[in-house]
Amino acid sequence: MRKAEAPTPAVPTIQVIERLFSLMDVLASREDAISLKEISEKTGLHPSTAHRILNDLTIGRFVDRPEPGSYRLGMRLLELGNMVKARLNVRDAALAPMRDLHKLIQQPVNLSMRQGDEIVYIERAYSERSGMQVVRAIGGRAPLHLTSVGKLFLSVDEPMKVRSYATRTGLSGHTKNSITQLPVLERELSKVRQYGIARDNEELELGVRCIAAGIYDDQGKLLAGLSISAPADRLDEAWLPKLQATAEGISHALGYKA
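Residues numbered from 1 in each chain as written. Predicted model: local features only at pLDDT ≥ 70, side-chain atom pairs only at ≥ 80, totals over all residues. Heavy atoms only, no water.

## Concerning the environment of Phe62
Following the sequence through the fold, Phe62 ends up in the loop between α3 (47–59) and β2 (63–64). Exposure remark for Phe62: the relative accessible area of 28% places this residue in the partly exposed category. (Helix = DSSP H or I, 4+ residues; strand = E, 2+ residues; numbered from the N terminus. Buried < 20%, exposed > 50% of the residue type's maximum accessible area, 1.4 Å probe, protein only.)

## A short note on a nonpolar patch on the surface
Taken together, the side chains of Ile14, Val16, Ile17 and Phe21 present a nonpolar region at the surface, about 340 Å² in accessible area. Position of Ile17 relative to the elements: it lies in helix α1 (residues 15–28). Owing to a relative accessible area of 33%, Ile17 belongs among the partly exposed residues under this scheme. (Patch = residues over 30% accessible without salt bridge, like charges linked within 9 Å, V, L, I, M, F, W, Y side chains within 5 Å. Areas by Shrake-Rupley, 256 points an atom, 1.4 Å probe, with all protein chains shown as cover. Salt bridge = Lys/Arg side-chain N within 4 Å of Asp/Glu carboxyl O.)

## A short note on the sheet that holds strand β9 (residues 222–231)
Taken together, the six strands give an open sheet; going across it, the order is β6-β5-β4-β9-β8-β7, and neighbouring strands pair in antiparallel fashion. Looking at strand neighbours, the two that pair on one side only are β6 (141–143) and β7 (197–201), the edges of this open sheet. Between one strand axis and the next, the sheet turns through 30° on average, direction left out of account. With four bridges joining them, strand β4 (residues 109–115) and β9 adopt antiparallel strand pairing. Bridge pairing links Val109 to Ile228 in β9. Sheet strands touched by helix α5 (residues 148–155): β4, β5 (118–125), β7, β8 (208–216) and β9. Its angle to β9, the strand with the most contacts, is close to 150°. Sheet contacts for helix α8 (residues 240–253): β7, β8 and β9; angle to β8, the most-contacted strand, approximately 30°. (Pairing = 2+ DSSP bridges. Axes fitted to C-alpha atoms, helices over the stretch in contact; angles between N-to-C directions. Contact = heavy atoms within 4.5 Å.)

## Some words on the packing of helix α6 (residues 159–169) against helix α7 (residues 182–195)
At their nearest, the axes of α6 and α7 sit 11 Å apart, and the two run at 140° to each other. One element, α6, and the other, α7, form an angle in the oblique class. In the crossing of α6 with α7, the sense of the turn from one axis to the other is right-handed. Between α6, through Val162, Arg163 and Ala166, and α7, the contact on the second element is made entirely by Leu182, Leu185, Glu186 and Leu189. (Parallel < 35°, antiparallel > 145°, perpendicular 65-115°, else oblique. Left-handed = near helix turned anticlockwise from the far one by under 90°.)

## Structural notes on α7
The terminal C-alpha atoms of α7, which comprises 14 residues, lie 20 Å apart, in line with the 20 Å expected from a rise of 1.5 Å per residue. Among all positions of α7, only Leu185, Glu188, Leu189 and Val192 are buried. Buried residues along α7 cover an arc of 100° about the axis, so they all sit on one side. Residues of α7 that are exposed and point more than 90 degrees away from the buried face comprise Arg187 and Gln194. Tucked inside the fold, the buried residues of α7 contact α5, α6 and β7. Positive phi appears at Gly196, one or two residues downstream of α7, with a value of about 75°. (Expected span 1.5 Å × (residues − 1). Arc of directions from axis to C-beta.)

## Examining the confidence of the model for the protein chain
Summarising the model, the protein chain shows a mean pLDDT of 89, and 92% of its residues fall at 70 or more. Mean pLDDT values for the elements of the protein chain range from 87 in helix α4 (residues 75–105) up to 98 in α5. Across residues 1–8, where pLDDT falls below 50, the model places zero contacts with residues more than four positions away in sequence or in other chains. (pLDDT = per-residue confidence, 0-100.)

## Observations regarding the nonpolar core
One finds Val90, Leu111, Ile215, Leu226 and Leu243 to be the most contacted residues of the largest nonpolar core, which totals 29 residues. Contributing elements (two or more residues each) for this core: α4, β4, β5, β8, β9 and α8. Looking at this core, the element that brings in the most residues is α4, giving seven residues. Listed in part, the 21 residues of the second largest apolar core include Ile119, Phe153, Val162 and Ile179. (Core = buried A, V, L, I, M, F, W, Y, C linked by side-chain atoms within 4.5 Å.)

In structure tokens:
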């Protein structure tokens, strides 16, 4: 019987990407900084080529240059790694409770995290019987100020960061109910801080309302948001304690202690 051949490792089709991978592998092989000369020797790249790529990686904070002529992996990789780790952990902890909550209320239950100036939907529990079209698929994004979970994240930002967000985004609106003025947003965020929950009153999609509660990690940091979305005329305030209890249970599973 002929022995099956091992699959051929995939090779990047773009040369500069292949070189980038090679440089990152060399940097990852050592805890301390490595000189450009040694990096060039280990990768086989000309020093000027390695220097150009490393310089661009330094601009993106993927590589640090502690002193001229030496390099090490940068903090941006740690930030991205923690984001991926957190996303995987919170999804694992949240999936079963989300499904249980959906069975109780028969409306979509969403799990979202912040990424820059947007939230990203990373999981959803729903069924066709909910009577509402699912308008945001897993992986979909939406502006922070137009969503209930996004408002949770803005509420924990310092006032100056909220103003910077407003300047960057222009607080553009999607519907006639969208909050597009900074003073109005600041008053809304004050309510979020006071009550610990956030709302989207047809601000992202006409005909859809949402309520959200926060999920916290073992350091007490807001990690994600759990939200219920429903047709505007069917959102039931009686769901709120169930939502909060579910979010609190997921937080406890992640090590959070009130």
